Amino acid sequence: MSLRKIESAPCWPITLEEARRHLAIDASTRDEDSLIDMLIQSASTDAEMKTGRVLVKSRWEWEPDNIVVGEKLEFPTCPVVDVKIYDLDEESEEPTDISSKVCKIVYPSPEPLGNPMLGWLLPIADFPQNHRIELTVGYDFEEKEEPVEQKDSPILV
């Protein structure tokens, strides 16, 4: 099985300003910004690897090892919110999504407390031999445009 990211998330789960506020770092200094940004990236990647969840919505290409019609395939990561299957032998220039015709898809629970590993794909008759499977995985997240205001000054104890 291979899983390859084809479109990264547009942002990290928290902004630099949110992290600075959480760490109670004075808003007037920017000395530690590159370190904080690196820590956000590292912590996000580590959390994704340990939990098997993708934190912010991104697109992945999935190639299961063996596809057998009638045998369900569990998704390799979660939460999967959309699946598109393309027949690469199709004559048209732009491949069309044939997911609804060749498989049954059960998505995992969208709730954080739900069981995210319940998602699976069940190939049915006419599943193409030469195909591409794209998964949209992760939680919706909007990057905030407005800056986070620091209302109180940090107090070092």
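Residues numbered from 1 in each chain as written. Predicted model: local features only at pLDDT ≥ 70, side-chain atom pairs only at ≥ 80, totals over all residues. Heavy atoms only, no water.

Focus on the confidence of the model for the protein chain
A low pLDDT score tells you not to read the predicted coordinates there in detail. With 83% of its residues at a pLDDT of at least 70, the protein chain reaches an overall mean of 82. Within the protein chain, the lowest mean pLDDT, 83, falls on strand 5 (residues 103–106), and the highest, 93, falls on strand 2 (residues 58–63). (pLDDT = per-residue confidence, 0-100. Helix = DSSP H or I, 4+ residues; strand = E, 2+ residues; numbered from the N terminus.)

Brief notes about the environment of Asn130
In this structure, Asn130 sits in the loop between strand 6 (120–123) and strand 7 (131–137). Judged by relative accessible area, which is 33%, Asn130 ranks as partly exposed. C-alpha separation for the pair Asn130 and Glu90, spaced 40 residues apart in sequence, amounts to 9.4 Å. Here the side chain of Asn130 touches Asp89 through a polar contact of 2.9 Å, side chain to side chain. (Buried < 20%, exposed > 50% of the residue type's maximum accessible area, 1.4 Å probe, protein only. Polar contact = N/O pair within 3.5 Å; in protein donor to acceptor, adjacent residues only side chain to side chain.)

Looking at the packing of aromatic side chains
Inspection of the entire model under this criterion finds 1 aromatic pair. Taken together, a centroid distance of 6.0 Å and an interplanar angle of 65° make the contact between Trp62 and Phe75 edge-to-face. A residue pair is termed long-range when its members are at least 10 positions apart, and Trp62 in strand 2 and Phe75 in the loop between strand 3 (73–74) and strand 4 (80–87) qualify at 13 residues. Like Phe75, Trp62 is buried. (Phe/Tyr/Trp six-rings, centres within 6.5 Å; stacked < 30°, edge-to-face > 60°.)

Some remarks on helix 2 (residues 33–51)
For helix 2, with 19 residues, the first-to-last C-alpha span of 27 Å sits near the 27 Å given by 1.5 Å per residue. The complete set of buried residues in helix 2 reads Asp33, Ile36, Ile40 and Ser44. Each buried residue of helix 2 lies within a common arc of 75° when the element is viewed along its axis, so the set occupies one face. Those residues of helix 2 that are exposed and aimed more than 90 degrees away from the buried face are Ser34, Met38, Leu39, Met49 and Lys50. The inward-facing, buried residues of helix 2 abut helix 1 (16–22). One or two residues past the end of helix 2 sits Gly52, with phi positive at roughly 75°. (Expected span 1.5 Å × (residues − 1). Arc of directions from axis to C-beta. Contact = heavy atoms within 4.5 Å.)

Section: the side chain of Ser58
Tracing the backbone through its elements, the reader meets Ser58 in strand 2. The exposure class assigned to Ser58 is buried, which follows from its relative accessible area of 4%. When sequence neighbours within four positions are dropped, the list of residues in contact with Ser58 reads Glu7, Ser8, Ala9, Leu135, Thr136 and Val137.

A word on the environment of Val68
Topologically, Val68 is positioned in the loop between strand 2 and strand 3. Considering only alpha carbons, one finds Val68 and Ile124, 56 residues apart in sequence, at a separation of 8.7 Å.

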